[in-house]
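Structural description and commentary
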Amino acid sequence: MPKGWLRPISILTVACLVGICGGLVGVGGGTLLVPLLVLLLGFEQHRAQGTSLIALVPPTGLLAFLAYYHAHEVNIKVGLLVIPGVFSGGLVGGMIATRLSAKEMRKTFAVLLFMLGAWQAASALLR
Amino acid sequence: MASRLRRERRFRPRPVPMHILIVVLIGLGAGLLVGLMGIGGGMVVVPALVYLLGMDQHVAQGTSLFMLLPPLGLGALWEYWKKREVDFGAGVICAGGFFLGGYFGGLVAVGLSSRALQAIFGFFLMSAALLLWRQARRPPKPGIPHA
């Protein structure tokens, strides 16, 4: 864990890199931020997740969204439809997570995610 | 006008009610993960839109970013906040980094082909999965009951 003035600088560097990846693949960035906060900066697991959620409160993807919007690569209707589900699901998920030691669930999710990623990469490369 | 036509050709929705139901379910599933893992949800929304609705990769990613504009994690954040599991200063710094980094990532993405973008997305998911796995295997620190 970096100390003193090094800490904010290392956090900012990590967040910038995560932001670039996030804009590139159209996701919020919490996906990479949580593990990096834990593994690189020594955050405790629940604290890393709560901190990542704080970082997602302001519309941090705004500039990335505008880049897609100008290229007409946005379907606003579908986006609006997803929002209520994500919000209410998030509330329930947060309740479960603060009561749960999520280690096994996290591993299961990691395996599923890896297979999903492999499927996406393979279907793109073999097309 | 040309751009509007292009968008419509790329995204062909199924008959309306089913389509709406799927989208709402995608949102619910993504939301659960948002709360459980402290992540943004776009990671599951993008492949779901591509595979379940047949959306183009670029449009799915742009739509995911649009969905993330309002503070969707607020409900989940409230639960963490009550348990004092939030580092406010670090969160604010991260927000600044996302903001800047996201712009450049977005600029690069719109210039790429959908196929290249899908491959990149796949590798992104795989590396996120590896990081999650390592994180889960890390032994909990002494004195901290949960991790």
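Above this text sits the structure in question.
As a starting point, this report considers the structure included with it. (Residues numbered from 1 in each chain as written. Chains lettered and ligands numbered in written order. Predicted model: local features only at pLDDT ≥ 70, side-chain atom pairs only at ≥ 80, totals over all residues.)

What about the overall build of chain A?
Along its length, chain A carries six helices and zero strands. Reading chain A from its N end, one meets helices and strands in the order α-α-α-α-α-α. Dimensions of chain A along its principal axes, counting C-alpha atoms only, are 45 × 35 × 35 Å. By residue count, 54% of the 127 residues in chain A fall in the buried class. When contacts within chain A are restricted to residue pairs at least 6 apart in sequence, those whose partners lie at least 24 apart make up 34%. (Helix = DSSP H or I, 4+ residues; strand = E, 2+ residues; numbered from the N terminus. Buried ≥ 20, exposed ≤ 12 C-beta atoms within 10 Å, placed from the backbone. Contact = placed C-beta atoms within 7 Å.)

Focus on the environment of Leu28 of chain B
Counting through the fold element by element, Leu28 of chain B comes out in helix α2 (residues 16–37). Overall, Leu28 of chain B belongs to the partly exposed group, with 18 C-beta atoms counted inside 10 Å. The spatial distance from the C-alpha of Leu28 of chain B to the C-alpha of Val86 of chain B is 24 Å, given a sequence separation of 58 residues. For Leu28 of chain B, the contacting residues outside a window of four places in its chain are Gly85, Ser88 and Gly89 of chain A.

Comments concerning the nonpolar core
Considering soluble globular proteins, one finds that nonpolar side chains tend to be buried as a cluster. Leu33 of chain A together with Val45 and Leu49 of chain B are the most contacted members of the largest nonpolar core, which totals 81 residues. A per-element tally of this core places helix α7 (residues 114–137) of chain B first, with nine residues. The residues contacting Leu49 of chain B, other than those within four sequence positions of it, are Val78 of chain A together with Met55, Ala60 and Thr63 of chain B. (Core = buried A, V, L, I, M, F, W, Y, C linked by C-beta atoms within 7 Å.)

Side note on the interface of chain B and chain A
Taken together, the contact between chain B and chain A spans 101 residues of the former and 94 residues of the latter. Residue assignment for the side of chain B that touches chain A shows that the elements contributing at least two residues are α1 (2–10), α2, α3 (42–53), α4 (57–67), α5 (74–82), α6 (88–110) and α7 of chain B. Top element by residues in the side of chain B that touches chain A is α6 of chain B. It accounts for 21 residues. Split by residue class, the side of chain B that touches chain A holds 65 nonpolar, 27 polar and nine charged. (Nonpolar A, V, L, I, M, F, W, Y, C, P; charged D, E, K, R; others polar.)

Quick look at unusual backbone geometry
One non-glycine residue with positive phi stands out, namely His72 of chain A, at about 55°. Here His72 of chain A lies in the loop between α4 (62–70) and α5 (76–99). For His72 of chain A, a count of 17 C-beta atoms within 10 Å gives the class partly exposed. Positive phi, close to 55°, is recorded for Arg84 of chain B, a residue that is not glycine. Of note, Arg84 of chain B is situated in the loop between α5 and α6. Assessed through the 10 C-beta atoms surrounding it within 10 Å, Arg84 of chain B is described here as exposed.

Functional significance is not addressed by these values, which are geometric in nature.
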